[in-house]
Amino acid sequence: MSADDAGGGVLGTSETSSEPLYRVTDLTRSFGRGGRVRALDGVSLEVRRGQRLCIVGESGSGKSTLIRLMAALDRPTSGEISFEGRSIVGMRERELGFLRAAVQLVFQDPRSSLNPRMTVGSIVTEPLRSAHLRSALDAVDPRQRLTEVLRAVDLPTDAATRYPHEFSGGQRQRIAIARALAPDPAVLIADEPVSALDVSVRAQVLNLLSDLVAARGLTLIFVSHDLAVVRHLCDSVIVLKQGRIEEQGSAAQVFAHPRAAYTQALLAAIPQIRL
Ligand SMILES: Nc1ncnc2c1ncn2[C@@H]1O[C@H](COP(=O)(O)OP(=O)(O)OP(=O)(O)O)[C@@H](O)[C@H]1O
Ligand SMILES: [Mg+2]
């Protein structure tokens, strides 16, 4: 089936609205010689619009590999990923503009994800200037958007003329969040966005994320190895273990009745802190 066949043409309007935002089918990603390291091994999942999905699992379970594939920052060894009904596997970069505009990422460490030589203003508006997004974002006034997103993450407007090193870790992660919001995305993917931060500011940044997701009706895909965070933020959970889905369900379900011993062990490892 071609990418076109999977688009709106075949599906009626009512079917299109129930179409999941993401559909991932039998996704595999191997690394190393002869593909010996199976980072992902036959993962299938769906993400609905407005869903807040947390992906958890121990270190090396394939969390980052999965979201990198979903953001088209990497290509699978096999399997399918469709976004808004269009297969993105095998698309060329210039065809991926629709995904690049709609899906934004926040990474773990704002120290390495923010260019130290750029002002905050140019960092935040960079996604608006990139060639593959310009056509998708024609009507956007960068200055206006900059002011709006800085306010949304509680940074002063004069932050725009300053540099990342002038800010604390928590503030830098706010800058990264502002950059992610700038193209007005439908989906926010965050890979351990608070684990590099001082414990004292983690809850603040999580609350901010939670508020922004609710206020903007964003679909959230949130990676964490910390189940305490998940409980705070997500409506559904996928537990990964050695590249496979060990357990999935609503957050309430998984917390109340974890089926897998692995999930129970992850839950038992939650430190007794309250967010
Ligand atoms: N570019 C790569 N080259 C080789 N191996 C890789 C690469 N990326 C990931 N892997 C391997 O794939 C597996 C899954 O890695 P991944 O980074 O997805 O785990 P993770 O769940 O995000 O872990 P963490 O919680 O430590 O971030 C690991 O064994 C890792 O070493
Ligand atoms: Mg990771």
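Just above, that's the structure.
Parameters and conventions
Residues numbered from 1 in each chain as written. Chains lettered and ligands numbered in written order. Predicted model: local features only at pLDDT ≥ 70, side-chain atom pairs only at ≥ 80, totals over all residues. Heavy atoms only, no water. Phe/Tyr/Trp six-rings, centres within 6.5 Å; stacked < 30°, edge-to-face > 60°. Helix = DSSP H or I, 4+ residues; strand = E, 2+ residues; numbered from the N terminus. Buried < 20%, exposed > 50% of the residue type's maximum accessible area, 1.4 Å probe, protein only. Pairing = 2+ DSSP bridges.

Caption draft 1: Highlighting the packing of aromatic side chains. As enumerated under the stated definition, the model contains two aromatic pairs in all. A centroid spacing of 4.9 Å and a plane angle of 55° characterise the contact between Tyr22 and Phe83, whose relative ring orientation is tilted. With Tyr22 in strand β1 (residues 22-31) and Phe83 in strand β4 (residues 78-83), this residue pair connects regions lying 61 residues apart in the sequence. Residue Tyr22 is classed as buried on the basis of its relative accessible area, which comes to 0%. Taking relative accessible area as the criterion, Phe83 reaches 0% and is therefore assigned buried. With a centroid separation of 6.0 Å and an interplanar angle of 45°, the aromatic rings of Phe83 and Phe98 are classed as tilted. Taken together, the positions of Phe83 in strand β4 and Phe98 in helix α3 (residues 97-102) put the pair 15 residues apart, joining distant regions of the chain.

Caption draft 2: Quick look at the sheet that holds β1. Pairing within the open sheet is antiparallel, and its four strands lie in the order β2-β1-β4-β5. Looking at which strands have only one partner, the edges of the open sheet turn out to be β2 (37-47) and β5 (86-87).

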